[in-house]
Every structure is written in structure tokens, then in C-alpha cells.
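A look at the structure
Here's the letter readout for the chains.
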Amino acid sequence: MRALLLAVAAALALGAPPARAQESGVQCGKSGEGFSQWLSSFREVAVLDGVSHEVVDAALSGISYDPSVKAHDGGVAAFGHNFASFVASHVTPGGIARGKALMRTYAGPLAKIEQRFGVPGPVLVAIWGLETSFGGDNGSFPTFRSLATLAWDCRRPERFRAELIDAMMMVQRGVVQQRPEQLRGAWAGEIGQTQLMPSAVLMFATTPDGDGPADLIHNSADALASTAKFLQAHGWQPGAGWDEGEPNFAAILQWNAAPIYARTVALFADRLAGR
């Protein structure tokens with residue numbers, strides 16, 4: 001499930017990245033050859049973009065190319081096109097029962113979140129369940145190694161170079177409490193219980209009531225609130241429907257551009273809502 005969902009999530013563009021310092025003689029590769037030399041030069045790019053030398057050293061020292069990340073990235077097309085089969089595998093009676101129980105457990109935070117952002121609990125809990133089995137599997141890939149590998153790869157280097165710098169900024173600003181070498185997540189660099197890319201973490205990390213720092217890794221309510229803020233920013237309309245053909249389906253597609261995935265979120269949310 002992880003490889004399928006995260007492959008699609010990695011393909012989602014989260015908006016145009018901010019202006020950044022440019023590398024001289026932009027390089028990329030399709031293997032580990034040349035990676036170390038490029039990463040050494042990229043340190044200066046990060047510093048020019050405002051990352052401290054201390055954070056750059058902590059995040060990038062000892063980083064090596066990860067061929068397994070490249071292999072996952074090459075398998076994006078394996079997501080498939082069979083909606084019924086995907087739903088049968090990922091929207092199970094056990095998952096629905098657990099999701100409903102968690103909606104009761106988090107009824108208070110979910111109510112605050114819906115009041116702030118207009119996104120109902122069933123949609124958020126459906127995303128939570130599909131992304132990480134309700135926080136049970138946030139991913140085990142070292143975040144900086146994954147991002148650096150994809151930033152070197154020729155397929156989408158500029159996007160992942162921006163995400164790599166944003167990941168360092170997360171550390172510098174204290175948005176994540178883990179030391180860089182401790183930060184773990186999906187193979188494409190997503191972190192937390194609903195799997196946000198570093199750029200999205202910087203933009204959307206929040207708590208249910210908006211007070212205090214957010215912890216998307218250990219605090220489920222914060223992860224749900226941040227997901228709602230993302231959806232609101234991408235066009236969620238309070239009170240409107242979320243199934244395919246209804247206004248909020250487009251916002252779910254902004255979360256993940258794969259129609260099968262978006263339809264699965266909508267169906268899972270329907271089941272959680274008792275439809």
C-alpha cells in the first residue's frame with residue numbers, strides 16, 4: 001500500500017516553488033555516479049537560500065544515494081487502473097470500523113477543525129486511513145536521503161531540490177522536532193500521519209485550534225488539522241459534496257491527482273459518514 005499511495009502522492013504538484021538560488025552548471029544523473037559531487041555543491045545553494053551552515057551540515061552529512069528510492073520512483077505507473085480492485089483492498093470492513101471508532105475518539109478536535117476549515121471529519125479520517133493506516137505506518141525512509149536522491153535524479157530535479165531545501169527549513173524553523181538524521185517518512189519525502197511534502201508542511205502545519213506548534217508526526221489531531229488547511233487552500237467548499245462530479249472532488253484531486261485514489265477517498269468518506 002505504501003508504494004502505491006506514495007507514488008501517486010509524489011506526482012502531485014503542490015504549487016509553484018518560491019524563487020531560489022540557482023546552481024551553476026545544473027547537473028543530474030540516473031544512478032549514484034556523480035551524486036556526492038553534486039550534493040557537495042548543493043550545500044552552497046542551500047546556504048544562499050537561507051539555510052544555516054549548521055542545519056545544512058546536520059541534514060546532508062553522510063547522505064548517500066539510495067537506489068531503492070529511484071526504483072520506487074520508476075514504479076509510479078504500477079498504480080493501476082482498476083478502481084474496484086483498489087477499493088476492495090483499501091476500504092475494508094475493518095478499516096471502516098476503525099475509522100468510525102477514531103472519529104468518535106477525535107470528535108472534539110474534528111469539530112474544531114470543521115469549524116475552522118469547513119472540511120468534515122469523514123474526509124480527513126479517510127485520507128488518514130489511506131495514507132498511513134491511521135498513523136500506523138508513517139514510513140521508514142530517511143527523509144533527507146530520499147529527497148537528495150530524487151533531487152539528483154534527472155526526472156524531476158528542480159521540484160525535489162526545492163523540497164530538499166524546504167525540508168532543511170523545517171528543521172531550521174523548528175517545525176519538526178526530530179534531528180535531521182532521525183526524520184523518517186515515505187520514499188518520496190512525505191512525512192507525518194497524512195504524508196505531506198516539506199513544502200506543504202511549511203505552508204499548512206497547524207493545530208485544531210491554531211494555537212501552539214503543530215506536530216504532524218506524533219499528534220494525530222494536528223495532522224488532521226493540517227490536512228484540512230491544505231484542502232481549504234485548494235478550493236474546499238464547506239457544505240458541498242465530495243463525490244466525483246461534486247464540487248469538493250476537485251480539492252481531493254489536489255491532494256492526490258490520481259482519479260482512482262481520489263474516488264477511493266470519497267467512497268471511504270461516504271462509508272465513514274454512514275452513506
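A short tour of the structure in this document, coming up. Predicted model, so just to flag it, every value in this text is computed and none were measured.

Conventions adopted
Residues numbered from 1 in each chain as written. Predicted model: local features only at pLDDT ≥ 70, side-chain atom pairs only at ≥ 80, totals over all residues. Heavy atoms only, no water. Helix = DSSP H or I, 4+ residues; strand = E, 2+ residues; numbered from the N terminus. Buried < 20%, exposed > 50% of the residue type's maximum accessible area, 1.4 Å probe, protein only. Contact = heavy atoms within 4.5 Å. Areas by Shrake-Rupley, 256 points an atom, 1.4 Å probe, with all protein chains shown as cover. Salt bridge = Lys/Arg side-chain N within 4 Å of Asp/Glu carboxyl O. Disulfide = S-S within 2.5 Å.

Focus: the overall build of the protein chain
Across its full length, the protein chain carries 14 helices and two strands. Counting only residues that meet the buried cut, the protein chain has 53% of its 275 residues in that class. In the protein chain, the proportion of contacts linking residues at least 24 apart, taken out of those at least 6 apart, comes to 75%. Summed over its atoms, the accessible surface of the protein chain is roughly 11,400 Å², and 53% of this surface lies on carbon and sulfur atoms.

Comments concerning the pattern of salt bridges
All told, the structure shown has ten salt bridges when counted by the stated rule. Across the salt bridge formed by Asp73 and Arg155, the nearest N and O atoms sit 3.0 Å from each other. Separated by 82 residues along the polypeptide, Asp73 in helix H4 (residues 67-74) and Arg155 in the loop between helix H9 (143-152) and helix H10 (157-172) bring together distant segments of the chain. Exposure remark for Arg155: the relative accessible area of 46% places this residue in the partly exposed category.

Here's the deal with the state of the cysteines
For the structure shown, the criterion picks out one disulfide. The disulfide bridge from Cys28 ends at Cys154, spanning 2.0 Å between sulfur atoms. Negative torsions about the S-S bond denote left-handed disulfides, and the value of about 95° found for Cys28 with Cys154 makes this one right-handed. One end of the pair, Cys28, is in the loop between helix H1 (2-10) and helix H2 (35-48); the other, Cys154, is in the loop between H9 and H10, with 126 residues separating them in the sequence. Taking the relative accessible area as the measure of exposure, Cys28 reaches 34% and is therefore partly exposed. Owing to a relative accessible area of 29%, Cys154 belongs among the partly exposed residues under this scheme.

Focus on unusual backbone geometry
The phi torsion at Phe134 lies on the positive side, around 60°, for a residue other than glycine. Checked against the element boundaries, Phe134 lands in the loop between helix H8 (121-132) and strand S1 (141-142). Classification of Phe134 by relative accessible area gives buried; the value is 10%. Not every positive phi belongs to a glycine, and Gln195 is a case in point at roughly 65°. Residue position: Gln195 is located in the loop between strand S2 (184-185) and helix H11 (198-204).

Section: the environment of Arg156
Here Arg156 shows up in the loop between H9 and H10. According to the relative accessible area criterion, Arg156 is buried, its value standing at 17%. Separated by 128 residues in sequence, Arg156 and Cys28 place their C-alpha atoms 9.5 Å apart.

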